[in-house]
4 protein chains.
Amino acid sequence: MTEKRRRSPGRPPTTQKNTTTDQVIIHAAIRLFLNHGYQKVSVDDVAEACGVTKATVYYYFKTKAELFTESILQMMERIRRQIDSLLHSEKPLKDRLFDVAEAHLRATMDIDLDGFLRETKNNVSENQTHMMRQAEERMYQEIEVVIEEAVNNNEIRPVSPPFAAHAFIALLRMGNAPSMQELFTAYEEMATNIINFYWRSLTNE
Amino acid sequence: MTEKRRRSPGRPPTTQKNTTTDQVIIHAAIRLFLNHGYQKVSVDDVAEACGVTKATVYYYFKTKAELFTESILQMMERIRRQIDSLLHSEKPLKDRLFDVAEAHLRATMDIDLDGFLRETKNNVSENQTHMMRQAEERMYQEIEVVIEEAVNNNEIRPVSPPFAAHAFIALLRMGNAPSMQELFTAYEEMATNIINFYWRSLTNE
Amino acid sequence: MTEKRRRSPGRPPTTQKNTTTDQVIIHAAIRLFLNHGYQKVSVDDVAEACGVTKATVYYYFKTKAELFTESILQMMERIRRQIDSLLHSEKPLKDRLFDVAEAHLRATMDIDLDGFLRETKNNVSENQTHMMRQAEERMYQEIEVVIEEAVNNNEIRPVSPPFAAHAFIALLRMGNAPSMQELFTAYEEMATNIINFYWRSLTNE
Amino acid sequence: MTEKRRRSPGRPPTTQKNTTTDQVIIHAAIRLFLNHGYQKVSVDDVAEACGVTKATVYYYFKTKAELFTESILQMMERIRRQIDSLLHSEKPLKDRLFDVAEAHLRATMDIDLDGFLRETKNNVSENQTHMMRQAEERMYQEIEVVIEEAVNNNEIRPVSPPFAAHAFIALLRMGNAPSMQELFTAYEEMATNIINFYWRSLTNE
DNA sequence: AATGAATGAGGTTTCATTCAT
DNA sequence: TATGAATGAAACCTCATTCAT
């Protein structure tokens, strides 16, 4: 009864329809939590958003916090996969970073993954926090790995990969500020500026 | 935690207090809102934190949103003044930026000015949002001004001051991330790293 | 008065009840609102009066105003039906009016349909007011119809039916005044006097 | 400290300015209570309406109920005097009743003296209720007296004066109903209809 | 005479959660 | 699998009232 997520490890066969009720709920929850934050979204809101009743949500998730955690984890995994694929093309590093930047700016414009995790702390259990933290780390790790490779290749100067990865994400978060959005007309332009600024620190150009 | 000081109604006997009640309330509110966010802090919490009753809080602030707005405005002003004073010493720019960075990291460690403003949007009136936005801008403007001067002096290479100011703040926000806090043992060290990274982008060294 | 039946959450075990919970609530609400007026009756009072919790009341009615409106509408409909049936017997008009009068005096003695609608205005939405106004009109219309027939039959002299209907109700409302209640010992006597007075105006006797 | 109303008996010399603070308060209170009812009007509302503070209101009136009572008493006395003067002209009775009717309709249009006293019961003390009841009786008594005289003069057929007085007031209250206001375009017309209807019952015409 | 500051009690409403079906 | 009915706790806010000045 308490066992959910029955998928075997690894990527599931894509033919399977993934619209089981719990996934429908998670999808709605992600959207709502991202747009309004944990506290403002009620379980009723989530239920209504996906055409089931509150009791149904509770049938699949023991508490609101659990629903939240599951949602975040899935979302982070999604983002991680996207970053992953963008980072592993054949382009030079600077171009790959640009791709990630543009995608991130476009996607994050109305969400806010970060301020999110902060709200989290007081609302979910130790264990849940831990899992989210790990998922977050996984997102960063892809970037760290790529940076480490570039350092080894002498493509960039020696830097601490974790630090550089965080700096990268931090600069991307600038895009959230309304005043930054006034400064640039297109995501592309914003991405260009951010990458140029970042790249200058990574190299000696 | 559940023990409230009981005071009977009516004006309290004149004790020469140096702080007015509304300021006491604002102080408590700032602390609580920063630590827990708008939604999680109840007006009762604020009242209890400063030894008055809920009704007293409502005597001074018409709504919770108004209390929140006033708190934020005062806090931002406080930060602005601090940044201001650090930025106007006689040291070279890099050192002044370092001072700001260190102070900011130390102060923000357990607060979260940023994730804050996000929550804001859904909770306060248009007008209140506008005032906060302005106060935020004022905080940035000090930095912009200093950067502009440095550009004019050829102390740093030509950059867009608003962009550079936001980038500075964005990098400082890295400090909030728990994983960054694991990376460095002291604020000073973190500040040094951030400033070095930032400075490299501003100059051609 | 302070003793509430405690029931644990969840659907109560199936007892074959003939009345649905929302009807139970409405019944209690009608009684309380009539006796004490909208403002004085709290949602808690209503809940307690029918052995459920406040939250249950809100489960069925979105707001206090909505509960009020529904109550009034049902009550008016009840009265309308009663008047209706009394007015459509085979007796002569005067006797039928007497029946209505007596029933009304007996029923309204401790309620106050009228002062009610006044309070209403400031408490409910435009739309709700509109619905109540319509329900009120329907109550009067039965009387208007009967009077119009009587005019056509020459049973009474020509009068404006709406005016005559309102006059009838207005005279019945005399019964509410405590000083009138001192004047007569029985509803029957009061009704007789009122009908005689009214009838004299409708005829040339 | 508890002594208010310092005027010597009899009508006060009209030159005296009667705008003492307590009178200002009463005036504002009457207006507000009439328009919105007892419960909806807060002591703050009254204070604000006459430019003083709540504490000032409490300086003059021990409780809200007392303020209410005083207001009602003064208002009733005002009405009583007006009715009185209209009833004691030299015109025939029917015309005098018409004058009262028209004045009443004009004045009561948006107030509602009656439903008022009902709200009262649960809010003021026994004693206060008693005083209001008496004031109300005094209003009726003028009419009763005039009717009794007319009976004695054979100007009208023999009726119970108290009953007739109440019937008169009851018919006037018809004017409050919005649907009646739709029926007639002017107060004069409404008064004419009501008086004709009433008069027909009092006489054998 | 008048007021500013404070309170306690209570009101409406929301919401996570539970339980029988 | 899914739900309708119910609840308890807590949130925001109002208001009559009091008291020192």
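Every chain's residues receive numbers from 1 upward, in the order its sequence appears when written. Chain labels run from A onward and ligand labels from 1 onward, assigned in the order the entries are written. Confidence filtering applies because this is a predicted model: local features only for residues at pLDDT of at least 70, side-chain atom pairs given and counted only at 80 or more, and all residues used for totals across whole chains, interfaces and linings. Side-chain numbers come from the whole structure's heavy atoms, not from hydrogens or water.

Labelled according to an unreviewed UniProt entry, chain A appears under the name TetR family transcriptional regulator, originating from Pullulanibacillus pueri.

**Student:** Got a sec to walk through helix α7 (residues 126–152) of chain B? Specific residues and values, please.
**Tutor:** All names here are of chain B. Numbered from the N terminus, helices here are DSSP runs of H or I no shorter than four residues, and strands are runs of E no shorter than two. Expected helix span is taken as 1.5 Å per residue step, with the number of steps being one fewer than the number of residues. If you check α7, its first and last C-alpha atoms are 38 Å apart, about what 27 residues at 1.5 Å a residue would give, namely 39 Å. Residue Y140 marks the point of greatest curvature in α7, where the axis turns by about 25 degrees. Count one or two residues on from α7 and you reach N154, which has phi positive near 60 degrees. Axes are fitted to the seven residues ending at a residue and to the seven starting at it; the angle between these axes is taken as the bend at that residue.

**Student:** Requested: an account of helix α8 (residues 161–173) of chain C, with residues and values cited.
**Tutor:** Residue and element names in this part refer to chain C. The first and last C-alpha atoms of α8 sit 18 Å apart over 13 residues, in line with the 18 Å expected at 1.5 Å per residue. Only protein chains enter the area calculation, which uses a 1.4 Å probe; residues under 20% of their type maximum are buried, those over 50% are exposed, and those in between are partly exposed. Among the 13 residues in α8, 12 count as buried, and that is most of the element. Those residues of α8 lying buried are P161, F163, A164, A165, H166, A167, F168, I169, A170, L171, L172 and R173.

**Student:** Could you give an account of the interface of chain C and chain D, with specific residues and numbers?
**Tutor:** How big an interface is tends to be stated in terms of accessible area lost as the parts join. Residues are treated as being in contact if the distance between any of their heavy atoms lies within 4.5 Å. In this complex, chain C contributes 33 residues to the contact, which on the side of chain D involves 35 residues. Between chain C and chain D the total buried area reaches about 3200 Å² when both faces are included, carbon and sulfur atoms providing 63% of it. The term buried area denotes the loss of accessible surface (1.4 Å probe radius) that occurs when two parts are joined, taken as the sum for both partners. The three residues of chain C that bury the most area against chain D are F163, F197 and R200 of chain C, which together make up 23% of that side's buried surface. What counts as a salt bridge is simple: a side-chain nitrogen of Lys or Arg found within 4 Å of a carboxyl oxygen of Asp or Glu. Across the contact surface, chain C and chain D share 0 salt bridges. Whenever a nitrogen or oxygen atom comes within 3.5 Å of another N or O atom, the pair is scored as a polar contact, on the condition that within protein one atom can donate a hydrogen and the other can accept it, and that pairs from neighbouring residues in sequence are kept only if both atoms are in side chains. Run the count over chain C and chain D and you get 3 residue pairs in polar contact (both at pLDDT 80 or more). Of all the secondary structure elements, the ones that give two or more residues to the side of chain C that touches chain D are α6 (113–121), α7 (126–152), α8, α9 (178–183) and α10 (187–202) of chain C. Counting residues per element, the side of chain C that touches chain D draws most heavily on α10 of chain C, which supplies 7 residues. Tallied by class, residues from the side of chain C that touches chain D come to 15 nonpolar, 11 polar and 7 charged. Charged residues are taken to be Asp, Glu, Lys and Arg, nonpolar residues to be Ala, Val, Leu, Ile, Met, Phe, Trp, Tyr, Cys and Pro, and polar residues to be all remaining types, Gly included.

**Student:** Give a description of the relation of the copies chain C and chain D that names residues and reports values.
**Tutor:** When chain C is brought onto chain D, the operation consists of a screw motion whose angular component is 180 degrees and whose axial shift is 0.0 Å, with 0.2 Å RMSD remaining. Classification of the inter-copy transformation places it as that of a two-fold axis. Taken as a fraction of all interface residues of chain C, those also at the interface in chain D reach 100%, which identifies the copy contact as same-surface. Only residues with pLDDT of at least 70 in both copies contribute their C-alpha atoms to the least-squares superposition of the copies.

**Student:** For the relation of the copies chain B and chain A, give the residues involved together with the corresponding values.
**Tutor:** Aligned on chain A, chain B shows an RMSD of 0.2 Å; the corresponding rotation is 179 degrees and the shift along the axis is 0.0 Å. Residue by residue, 97% of the interface of chain B is reproduced at the interface of chain A, so both copies engage with the same surface.

**Student:** Provide a residue-level description of the environment of R78 of chain A, including the pertinent values.
**Tutor:** Residues and elements named next belong to chain A. On the secondary structure map, R78 appears in helix α4 (residues 64–87). The class of R78 is partly exposed, set by a relative accessible area of 44%. Considering only alpha carbons, one finds R78 and M139, 61 residues apart in sequence, at a separation of 9.6 Å. When neighbours within four sequence positions are excluded, R78 is seen to be in contact with H27 and I30.

**Student:** So what's going on with the UniProt feature "DNA-binding region" (unreviewed entry) in chain A? Which residues, and what values?
**Tutor:** UniProt positions are given in the numbering used here, feature names are shortened, and annotations may be inferred rather than shown by experiment. The feature "DNA-binding region" (unreviewed entry), as annotated in UniProt, sits at residues 42–61 of chain A in this numbering. Secondary structure across residues 42–61 of chain A divides into 70% helix and 0% strand, with the first and last C-alpha atoms of the span separated by 14 Å.

**Student:** Go over the pattern of salt bridges with me, naming the residues and quoting the values.
**Tutor:** Taken as a whole, this structure holds 33 salt bridges over all chains when the rule is applied. Its salt-bridge partner being E102 of chain B, residue R106 of chain B comes within 2.9 Å of it at the nearest N-O pair. Of this pair, R106 of chain B and E102 of chain B both sit in helix α5 (residues 93–108), 4 residues apart, which is roughly one turn of the helix. Look at R106 of chain B and you get partly exposed, because its relative accessible area is 46%. Among the ionic pairs, E142 of chain C bridges to R80 of chain C, the shortest N-O distance being 3.3 Å. In this pair, E142 of chain C is assigned in helix α7 and R80 of chain C in helix α4 (residues 64–87), connecting sequence segments 62 residues apart. Classification of R80 of chain C as buried rests on a relative accessible area of 15%. Here the salt bridges share partners, and the residues they tie into one network are E77, R80, R81, D84 and E142 of chain A.

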